[in-house]
Amino acid sequence: MNFSKSKELYNEGLVNLVGAVNSPVRAFASVGGNPLFIKKAKGSRITDVDGNEYLDLVVSYGPMIIGHRHKKVQKAVNKALKNGYSFGASTKNEIKLAKIVCDAFPGMDKVRFVNSGTEAVLSGIRLARAFTGKDKIIKFAGCYHGHQDSLLVAAGSGLATLSLPGSKGVPEGAVKNTLIATYNDLESVKSHFEKHDDIAGVIIEPIGGNMGVVVPQNNFLKELKAYLQSKGALLIADEVMTGFRSTFGGAQEVLGVEADITCLGKVIGGGFPVGAYGARNEIMENVAPLGGMYQAGTLSGNPIAMAGGISTLTELKRQNPYECFDRIGSEMETILKDKAEKYGVDIVVNRFGSMMNPFFTDKPVHNFDDAQTSDTNKFATFFWEMIKNGVFLPPSQFEAWFLNTAISEKDIKIFEKAVDASMKKVAEA
Ligand SMILES: *Cc1c(COP(=O)(O)O)cnc(C)c1O
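(A) Broad picture of the overall build of the protein. From N to C terminus, the protein includes 15 helices and 14 strands. Here the C-alpha atoms of the protein give a radius of gyration of 21 Å, agreeing with the 22 Å that 2.2 N^0.38 yields for 429 residues. Principal-axis analysis of the C-alpha atoms places the extent of the protein at approximately 60 × 55 × 45 Å. Here the protein holds 429 residues, and 57% of them are scored as buried. Considering only residue pairs separated by 6 or more positions, the protein has 72% of its internal contacts joining residues 24 or more positions apart. Accessible surface, the protein: about 18,300 Å² in total, of which carbon and sulfur atoms supply 50%.

Right under this line is the structure:
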């Protein structure tokens, strides 16, 4: 397999871009080599600038859930482009997407659209503070909630990949109201409440996806919600990754838990920049212009992005692929386990519906510390062999793989063959 054009662009990109990427998760820092440059994608496949085609299990880190360039989305976006790109005033489609979102999440009476998951979460946190009049927020180690200052501690995603405890440039004052708890450990949350009486709420990825996939154990979410209710603190569900993915109503619907504030991103825009936060009326009425919590955006509710979101969610709802995701996911999980066993490689596979990944460890992974027992060198070997066998994965042990509805039986065959070759390579390394 030839990567020479990617390499050329990488070297060219280093001059005026930072590390030749616009998001550090795209760098190949932890797997070695140069990042691949992409030319195009269609359905379940993605093609790099050297013409290599891959089964795409990144799908833009989640958004392309109905596959790349779905014809209904393309039609809707093309139509919207004819009317203009941005107006600085309201459009009908904002109401339409808001209704789709509020219908899917019973805990949301009202929603505000923003441009990214980061923006959704930072606004959701501000709202929790505005509503409760309290300052402190608890987050879980290994959860990633975007790159806002106050939550860039003990964060997953790129920070986990680069082994960074937090980010430089974040002043102490910005994180002094952030408390860290352990995923799947309610006692670690309670111990903060025993010491502090000014906790506004707890933010959580209801299914962990940014330390690799970590699934809540034994009603953890339900117990957390009940405990927070007893303390008058809010549950803030960061469903940027899981919203419309775990099922149409997100992880909350699957787990039977209703959050006080919900943050969305990724799938909601179908590949266009959309984020959203929402809650019941009593909470959302604190947001300007109804209330005193200020949050604004020049491009928020952008008409092209709304068209992308509406058409993606409408088609997703029509396809209702969640049982199918579970079946394909389970098939892929079995392939990973069988091939690992065949070659004597220790792995643990965590999966929740259409999100999964193997950890190269022999220890069950229920939190960030467990995830970090993984052998990242083995992951790097596995990653490159998967690439060479035509499967595009996130270049990190600590990122989830995502299914999309365009994946075919033929794709699963490609996956199986690639996993066989890659596990063999890991065993030999
Ligand atoms: C991706 C992600 C974010 C950040 O979203 P951006 O659109 O990258 O700003 C926040 N929270 C979670 C759970 C995510 O997966």
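(B) The site of the ligand, seen in detail. As a structural note, the neighbourhood of the ligand is formed by Ser116, Gly117, Thr118, Tyr144, His145, Gly146, Glu205, Asn210, Asp238, Val240, Met241 and Lys266. The contact in question runs from a nitrogen atom of the ligand to an N or O atom on the side chain of Asp238, over 2.6 Å. With the chains in place, 82% of the 380 Å² that the ligand exposes on its own is no longer accessible.

(C) Layout of the nonpolar core. With 83 residues, the main nonpolar core has Leu57, Phe113, Phe244, Leu336 and Phe415 as its most contacted residues. Two domains each provide a minimum of three residues to this core, namely domain 1 (4–66 + 321–428) and domain 2 (71–319). By size, the runner-up hydrophobic cluster in this structure holds 31 residues, among which are Ile138, Ala160, Leu179 and Met211.

(D) Representation of the packing of helix α14 (residues 376–388) against helix α15 (residues 409–428). Orientation of α14 relative to α15, taken along the N-to-C sense of each, is 140°, at an axis distance of 8 Å. Between α14 and α15, the crossing angle belongs to the class labelled oblique. In this structure, the crossing between α14 and α15 has a hand that is right-handed. In this structure, α14 uses Lys378, Thr381, Phe382, Glu385 and Met386 to contact α15, whose residues at the interface are Phe415, Ala418, Val419, Ala421, Ser422, Met423, Lys425 and Val426.

(E) Quick peek at the pairing of strand β8 (residues 234–238). Counting buried positions over the five residues of β8 gives five, a clear majority of the element. For strand β7 (residues 199–204) and β8, the ladder comprises four bridges, and the chain directions are parallel. From the neighbouring strand, Val202 faces β8, where its bridge partner is Leu235. At this point the chain moves from β7, through helix α8 (residues 220–231), to the parallel β8, and the crossover so formed is right-handed. In terms of handedness, the path from β8 via helix α9 (residues 250–255) over to strand β9 (residues 261–264) forms a crossover that is right-handed.

(F) Representation of the environment of Ala380. Summarising the element assignment, Ala380 is placed in helix α14. For Ala380, a relative accessible area of 13% puts it in the buried group. C-alpha separation for the pair Ala380 and Val59, spaced 321 residues apart in sequence, amounts to 20 Å. Not counting chain neighbours up to four residues away, the residues in contact with Ala380 comprise Ser30 and Val31.

(G) Broad picture of the pairing of strand β3 (residues 53–56). Note that strand β2 (residues 45–48) and β3 share three bridges and pair antiparallel. Note that in β3 the partner of Ile46 across the bridge is Tyr54. Linking two consecutive strands that pair antiparallel, namely β2 and β3, is a turn of four residues; a positive phi of about 90° is found at Gly51 within it. Both β3 and strand β13 (residues 391–392) contribute to a ladder of two bridges, which runs parallel. Bridging across to β13, Leu55 finds its partner in Val391.

(H) Broad picture of the sheet that holds strand β4 (residues 110–114). Reading across from one edge, β4-β10-β9-β8-β7-β5-β6 is the order of the seven strands in this open sheet, with mixed pairing throughout. Because the sheet does not close on itself, it has two edges, and the strands there are β4 and β6 (178–181). Going across the sheet, the axis of each strand differs from the next one's by a mean of 20°, ignoring polarity. Where β4 lies against strand β10 (residues 275–279), five bridges are found, and the strand directions are antiparallel. The residue of β10 that forms the bridge with Arg112 is Tyr277. Across the face of the sheet, helix α3 (residues 92–104) comes into contact with β4 and β9 while running at roughly 120° to β4.

(I) Up close: the domain arrangement of the protein. In terms of domains, the protein is made up of domain 1 (4–66 + 321–428) and domain 2 (71–319). In this structure, domain 1 and domain 2 have C-alpha centres spaced 25 Å apart. In this complex, domain 1 contributes 34 residues to the contact, which on the side of domain 2 involves 39 residues. Surface buried jointly by domain 1 and domain 2 totals about 2,900 Å² across both partners, of which 67% is contributed by carbon and sulfur atoms. The interface formed by domain 1 and domain 2 contains zero salt bridges. The set of elements that each furnish at least two residues to the side of domain 1 that touches domain 2 consists of β11 (348–352), β12 (355–359) and α13 (368–371). Considered class by class, the residues forming the side of domain 1 that touches domain 2 number 22 nonpolar, 10 polar and two charged.

Reading guide: rules and limits
Residues numbered from 1 in each chain as written. Predicted model: local features only at pLDDT ≥ 70, side-chain atom pairs only at ≥ 80, totals over all residues. Heavy atoms only, no water. Helix = DSSP H or I, 4+ residues; strand = E, 2+ residues; numbered from the N terminus. Rg over C-alpha atoms; globule rule 2.2 N^0.38 Å. Buried < 20%, exposed > 50% of the residue type's maximum accessible area, 1.4 Å probe, protein only. Contact = heavy atoms within 4.5 Å. Areas by Shrake-Rupley, 256 points an atom, 1.4 Å probe, with all protein chains shown as cover. Near = heavy atom within 4 Å. Polar contact = N/O pair within 3.5 Å; in protein donor to acceptor, adjacent residues only side chain to side chain. Core = buried A, V, L, I, M, F, W, Y, C linked by side-chain atoms within 4.5 Å. Domains from an automatic or database assignment. Axes fitted to C-alpha atoms, helices over the stretch in contact; angles between N-to-C directions. Parallel < 35°, antiparallel > 145°, perpendicular 65-115°, else oblique. Left-handed = near helix turned anticlockwise from the far one by under 90°. Pairing = 2+ DSSP bridges. Right-handed = clockwise from strand over helix to strand, strands pointing away. Buried area = accessible area lost by both parts, 1.4 Å probe. Salt bridge = Lys/Arg side-chain N within 4 Å of Asp/Glu carboxyl O. Nonpolar A, V, L, I, M, F, W, Y, C, P; charged D, E, K, R; others polar.

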